[in-house]
Every structure is written in C-alpha cells, then in structure tokens.
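Structural features, examined
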Amino acid sequence: IADETFEGCTGLTSVTIGTSVTSIGGSAFEDCTGLTGTLTIPNSVTKIGYGAFSGCTGLTSVSIGNSVTSIGESAFSRCTGLTGTLTIPNSVTSIGVLAFRGCSGLTSVTIGNSVTSIGRSAFYGCTFNKVICEAITPPEIGRLNNSAFSDETYNVPLLVPVASIPLYKEAFDWKRFTNILEINPEEVTDIILDKTEATLIIGDNLKLTATVEPENVTNPTITWSSDNVEVATVSEDGTVTAVAVGTANITATCGSASATCRVKVEAIPVEQIILSMTEWSGTVGESVTLSATVLPDDATNKHIVWSSSDEIIATVDDNGLVQLIASGNCIIKATTTDGSDISAECKIVSLPVSGLSEVENDNITTFDVYNMQGEIIRINCDSDELQHLLPGIYIIRNSNYVNKIIIR
C-alpha cells in the first residue's frame, strides 16, 4: 500500500488488509478518523511506514502481525482511541520515533524479545500501569535528550527477564524505572511461622520467624500486622511486643498467602511482699500499722489483702492497722490478689495489761490517773477510786511508779 494512499479518508469506517500485502506506506491511512474498532495487520506485512495510521482516533485496538519487523516513525501516533494492552510481536526489531505518541488510552505494553531499538518519545503520552519488555538485552533508546516514555511511566513496574534485571538497571533510560521486576515471577504458595501460639508477660518481646514457600519466590517481602495493637504490637521484622492483658492475632502476609500466631498476654505477677516488720509485741489495747512493699515495682496488680490468724487476739484492717484485743500470739498476713498466691507474715505478741490487783500488791497508796491521750483525769487517787472509772485503758503514776491498767 503506497504512501498517502488513503490519507484523510475520514468517511472510511473499516478496513480489511489482505494477506498478500507486505508493506504499508507512510501516511497510508493517516487521519482516517472514521475508522473504528480493531485494526488487524496480517502476518504477511513486514513493514509499517511512518505515520501510517497516525490520527486514526476511532481505532480501539490494533493487532500487529507476527512478520512485522519495523514500526515506522509516528506510525500510530495520536490514536487516542486505542485502549487496553498493546502487544509488539517478537518479529519486530525497531520501533520508530513517536510511534505511539499520545495513545493515552493504552494501559500497558508488551515489547517483544527481538526489539533492539526504540525511538525517542515512542510511547510518550501513554498512561501505562506497567511495561513488559521481553528482550534479553535492553533495547537502545533514542538519546536526543528525550526518553521513550512519559515521566510518570517510570514509576510503574517494568517487567523483564530475571537474568536481565541488572542490565536494565544500568541501561540508558531503562534505569529510570524505580521498580524493575521479573517477568512471570514465582508466586508464594505458603507461609510457615515458627510459632502459632505464644504466651507473653506485659513488656515481653518475641521474635517470630516466617518461612516463605517456595524458596525461589520472586518477591518474598513479608508484611506483619496485629489485629489488636492495644494488646500486642509487631514490628516490620516480626518482633512482637506485649502491651496489655488480652489476646491478639499476629499475621504474616506475603502475596496471597498468610499465617497467624495467636498471642496471649498475661499480667506481670507479684514475686515478693516485704513487710515493714516481721514481729511485733505490745500490750492489749495498743495498735501498730504495718506497711507492705510489693515487688516487682511494675507488677500489674499490686493489691493485697490483710488477715489475722486469730481475731480474738488481734485484728487488722484494709490499711494494715493492727489492734491488740487480748493477750496471746497470732499471725498477721498480707496476701496478693493477682493469682500468684504470694504472702508475707508478721508475728504478733499481745501482752496483758497490769490490773488493779497489781496496783494493790505494789502497796501504792495514792497516784495520778491519765487517759491514753495523756490527759490527767484523777489527782491523788487511791485504788478504791479506780473502781469507779469507766472501762478503758489508763496510765497511773506517782513519783516512783508508772503502770498501765485496764478497767473492764
């Protein structure tokens, strides 16, 4: 088909190219804007000339025959109706300058394995989401301060033969691609974790290890996640940190495969209770406050309960205040409530208070009487007068004698 044969024939709506045609000349169908649908270049054609179908905006797809070796300058430029994937067959060795410039509807391109050169701006204005180039050796790109692709294209994946990845990363223009991957990568089929269940204490760390199968997976990158970060978090390398009591599922994901470890986080248990004293003695009516130190300092539940082995002899309240009730011995105990069953004990010796008989036996005639607050309530009192005091504990004193008594 000679140069410019059907140029500008805007009324044409379709074209069938016979199998005897071997070449399509320059501008042969340029600006045939009425052509629609799919254009099929038969296998008999070996050359597509410059601007052959430039400006055929109604074409939606093009099938290039397997005998075409060269696609001329601007051959399909401004074919804005082309959509989907453009396939350059393995027979093609060269793609001309501006060959597909402005074909903004194309979403991807596969470049055959025989292409050795691509002209400047050959795919400029094409909004590809990926580029596949099957050539072992990176095709040479036109170097007149112009690239083959639009700037944004260099941010999409470039898929090439795995052995050629280092070559593309060094080749002019190709090296601008930020994500160069293997064609037909080996996909992950399974992930195996070294643990599927784990129990941690708040603050503990656990390093999980994930094995991806098969071993030759192209992209073995693993993404870690926790479904309950308030209980347990996980870092990029699979290190789990226990945060609070509860349960969290830690998941490793690679491609379409995933594996999960169920992590149970428990409280930091109490390990020891230290009391302010382990033995104390006093007389009936006296009191003392015991204090307890719970270790470790970061124990989750440091609450304790106090108890007396014999409340007839001594009682203890929630604050550790011990009150002596009667003479004898007993044990005051502080016990954890976190389930660790840790406790500490203080031995209590309750001594009797001197009574009136002792005062009489001491042959003391008169004395002063004080209450337990140190206030004097009787002066020059004798033992008979003591019988009239209200029940309670008192201090009696004269110049040579001091004693504590209880009136019941």
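Check the entry above for the structure.
Residues numbered from 1 in each chain as written. Predicted model: local features only at pLDDT ≥ 70, side-chain atom pairs only at ≥ 80, totals over all residues. Heavy atoms only, no water.

**What to know about the sheet that holds strand β18 (residues 223-226)**
Taken in spatial order, the four strands of this open sheet run β15-β22-β21-β18, and their pairing is mixed. The sheet terminates laterally at β15 (197-201) and β18, the two strands that pair on one side only. Taking each pair of neighbouring strands and ignoring which way they run, the sheet shows an average axis angle of 25 degrees. Judged from the five bridges that link them, β15 and strand β22 (residues 257-266) form a sheet pairing that is parallel. Paired with Ile201 across the strands is Glu266, a residue of β22. (Pairing = 2+ DSSP bridges. Helix = DSSP H or I, 4+ residues; strand = E, 2+ residues; numbered from the N terminus. Axes fitted to C-alpha atoms, helices over the stretch in contact; angles between N-to-C directions.)

**Quick word on the environment of Ala314**
In this fold, Ala314 is placed in strand β28 (residues 314-316). What makes Ala314 buried here is its relative accessible area of 0%. Along the backbone, Ala314 and Val265 are 49 residues apart, and their C-alpha atoms lie at a distance of 41 Å. With residues near it in sequence (within four places) discarded, Ala314 still touches Ser308, Val322, Gln323, Leu324, Ile325, Cys330 and Ile348. (Buried < 20%, exposed > 50% of the residue type's maximum accessible area, 1.4 Å probe, protein only. Contact = heavy atoms within 4.5 Å.)

**Here's the deal with the packing of aromatic side chains**
Within the structure shown, the criterion is met by 13 aromatic pairs. Taking 5.4 Å as the distance between ring centres and 10 degrees as the angle between the ring planes, the aromatic pair formed by Phe53 and Phe76 counts as stacked. One end of the pair, Phe53, is in the loop between β3 (47-48) and β4 (59-63); the other, Phe76, is in the loop between β5 (70-71) and β6 (84-88), with 23 residues separating them in the sequence. For the pair Phe53 and Phe76, one class covers both residues: buried. Pairing Phe149 with Phe177 gives two aromatic rings, centres 5.6 Å apart and planes at 80 degrees, and the pair type is edge-to-face. (Phe/Tyr/Trp six-rings, centres within 6.5 Å; stacked < 30°, edge-to-face > 60°.)

**What about unusual backbone geometry?**
Here the amide bond leading from Glu213 into Pro214 is cis, since omega sits at -5 degrees, within 30 degrees of zero. Here Pro214 is to be found in the loop between β17 (210-213) and β18. Cis geometry is adopted by the peptide bond preceding Pro296, which originates at Leu295 and carries an omega value of 0 degrees. Considering the arrangement of structural elements, one finds Pro296 in the loop between β26 (292-295) and β27 (304-308). For Arg78, which is not glycine, the phi torsion reads 65 degrees and is therefore positive. Mapped onto the elements, Arg78 comes out in the loop between β5 and β6. Of note in the backbone geometry, Ser121 takes a positive phi value of approximately 55 degrees without being a glycine.

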